[in-house]
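# Architecture and fold: a report
The residues making up each chain are set out below.
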Amino acid sequence: MQIGIVGLGKMGGNIARRLMRDNHTVVAFDHNEVALATLGNDGASVTATLEELVSKLATPRTIWLMLPAGAPTTSTIEALLAACDPGDTIIDGGNSFYKDDIRHAKLCSDKQLHYVDVGTSGGVWGLERGFCMMIGGEKEIVDKLDPIFSTLAPGMGSIPRTPGLTASNSRAEHGYIHAGPAGAGHFVKMVHNGIEYGMMAAFAEGFDILKNKTSERLPEDERYDINLTDVAEVWRRGSVISSWLLDLSSAALAQDHVLEQYSGQVADSGEGQWTIDAAMEEAVPAYVLSSALFARYRSRVSDTFGDKLLSAMRFGFGGHLELPKD
């Protein structure tokens, strides 16, 4: 298929490259001239303006946005509404708020355009590992775009089939789903990120407890100088808490067992707060997820070793940089 990609950052560029590897045609635009030139060298057709990108795509067009949530995404969608034709499809693959998707879908529908939201997980590793995708939008359009999603998805790989799962060769088994109408994809991805906050916080707090077992507050015969690198490594191998987040923690500790390069001021990109907002709207208790979010806020006032591990995990899967120190 032919597709336009707008936004060639940490994930957008690799989405384009993975598509080109599978012989899809990519037309790309980004304000960052270096990112644009680099993708051009990799085989994409690059454009100097959004309008040029639209003109280079055959109708009906498919244009995938990989931009920061909020104003950058909304302003780009508004520009595309003026430049595109009825029947074209706009995909938002960033981390947009699902209620914005509902509004964006209405704007597109009013212009007889289609809108698809794709909650995309995979971080900086997606080019090789693939991208887990949670998709919202009209079923007919999602089905038409399946070759794109199938290419980007991780596939079944070496993961064994889930016992008792009756559907064979399903999208879910290959790492992507059609979650429902507009907004449903980003809603599922939002909750995914809220859970991610909680899992990361649990690892961070556990390793902080291990590290502080040398504390002078403890009786001397109860102090242990535990090798955290070894603990992370042994837990990766057969433990019930083994996970990609633990893999990233182990890699960070192996490189620097005190995590000196991290300040411990942990940023967030909004999805954790949106998940808590949804929990309150639904009257669903979310003790762990809300505590994990507030822990990130607290880290910007006073940080711990656990906060440094949180930052190390965020950098490991997404290349997220820490907040600058005051």
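To start, this report covers the structure provided alongside it. Since the structure is predicted, the reported quantities are computational estimates derived from the model, not experimental observations.

For helix 1 (residues 12–21), the buried fraction is high: nine of the 10 residues fall into the buried class. Among the residues of helix 1, Gly12, Gly13, Asn14, Ile15, Ala16, Arg17, Arg18, Leu19 and Met20 are the ones counted as buried. A positive phi of about 70° marks Asn23, the residue just after helix 1.

Once that is clear, we can look at the sheet that holds strand 3 (residues 45–46). Hydrogen bonding along the main chain pairs the strands of a sheet, whether they run parallel or antiparallel. As summarised here, the arrangement of the eight strands in space is 3-2-1-4-5-6-7-8, forming an open sheet in which the pairing is mixed. If you trace the sheet from one side to the other, it starts and ends with strand 3 and strand 8 (176–180), each paired once. Of the strands in this sheet, strand 5 (89–92) and strand 6 (114–121) touch helix 5 (residues 98–110), which is tilted by about 150° from strand 6.

Attention shifts here to the environment of Cys108. Assignment of secondary structure puts Cys108 in helix 5. Separated by 19 residues in sequence, Cys108 and Thr89 place their C-alpha atoms 8.6 Å apart. Excluding anything up to four places from it in sequence, Cys108 contacts Leu81, Ile90, Leu113, His114 and Tyr115.

Here the focus is the packing of helix 10 (residues 184–211) against helix 12 (residues 244–255). Where helix 10 contacts helix 12, the two axes come as close as 10 Å, and the packing angle between them is 40°. The pairing of helix 10 with helix 12 is recorded here as oblique in orientation. The two elements helix 10 and helix 12 meet at a crossing, and its hand is right-handed. Of the residues in helix 12, those touching helix 10 at Met199, Met200, Phe203 and Phe207 are Leu245, Leu246 and Leu253. When grouped by side-chain class, the residues that make up the contact of helix 10 with helix 12 number seven nonpolar, no polar and no charged.

Before going further, it helps to spend a moment on the packing of helix 10 against helix 11 (residues 228–236). Following both chains from N to C, one finds helix 10 and helix 11 inclined at 140°, their axes separated by 10 Å at the closest point. As the angle between them shows, helix 10 and helix 11 are arranged oblique. Where helix 10 crosses over helix 11, the two elements pack in a sense that is right-handed. Contact residues: helix 10 offers Phe207, Leu210 and Lys211, while helix 11 offers Leu228, Val231, Ala232 and Trp235. Its residues placed into classes, the contact of helix 10 with helix 11 shows six nonpolar, no polar and one charged.

About the thresholds
Residues numbered from 1 in each chain as written. Predicted model: local features only at pLDDT ≥ 70, side-chain atom pairs only at ≥ 80, totals over all residues. Heavy atoms only, no water. Buried < 20%, exposed > 50% of the residue type's maximum accessible area, 1.4 Å probe, protein only. Helix = DSSP H or I, 4+ residues; strand = E, 2+ residues; numbered from the N terminus. Pairing = 2+ DSSP bridges. Contact = heavy atoms within 4.5 Å. Axes fitted to C-alpha atoms, helices over the stretch in contact; angles between N-to-C directions. Parallel < 35°, antiparallel > 145°, perpendicular 65-115°, else oblique. Left-handed = near helix turned anticlockwise from the far one by under 90°. Nonpolar A, V, L, I, M, F, W, Y, C, P; charged D, E, K, R; others polar.

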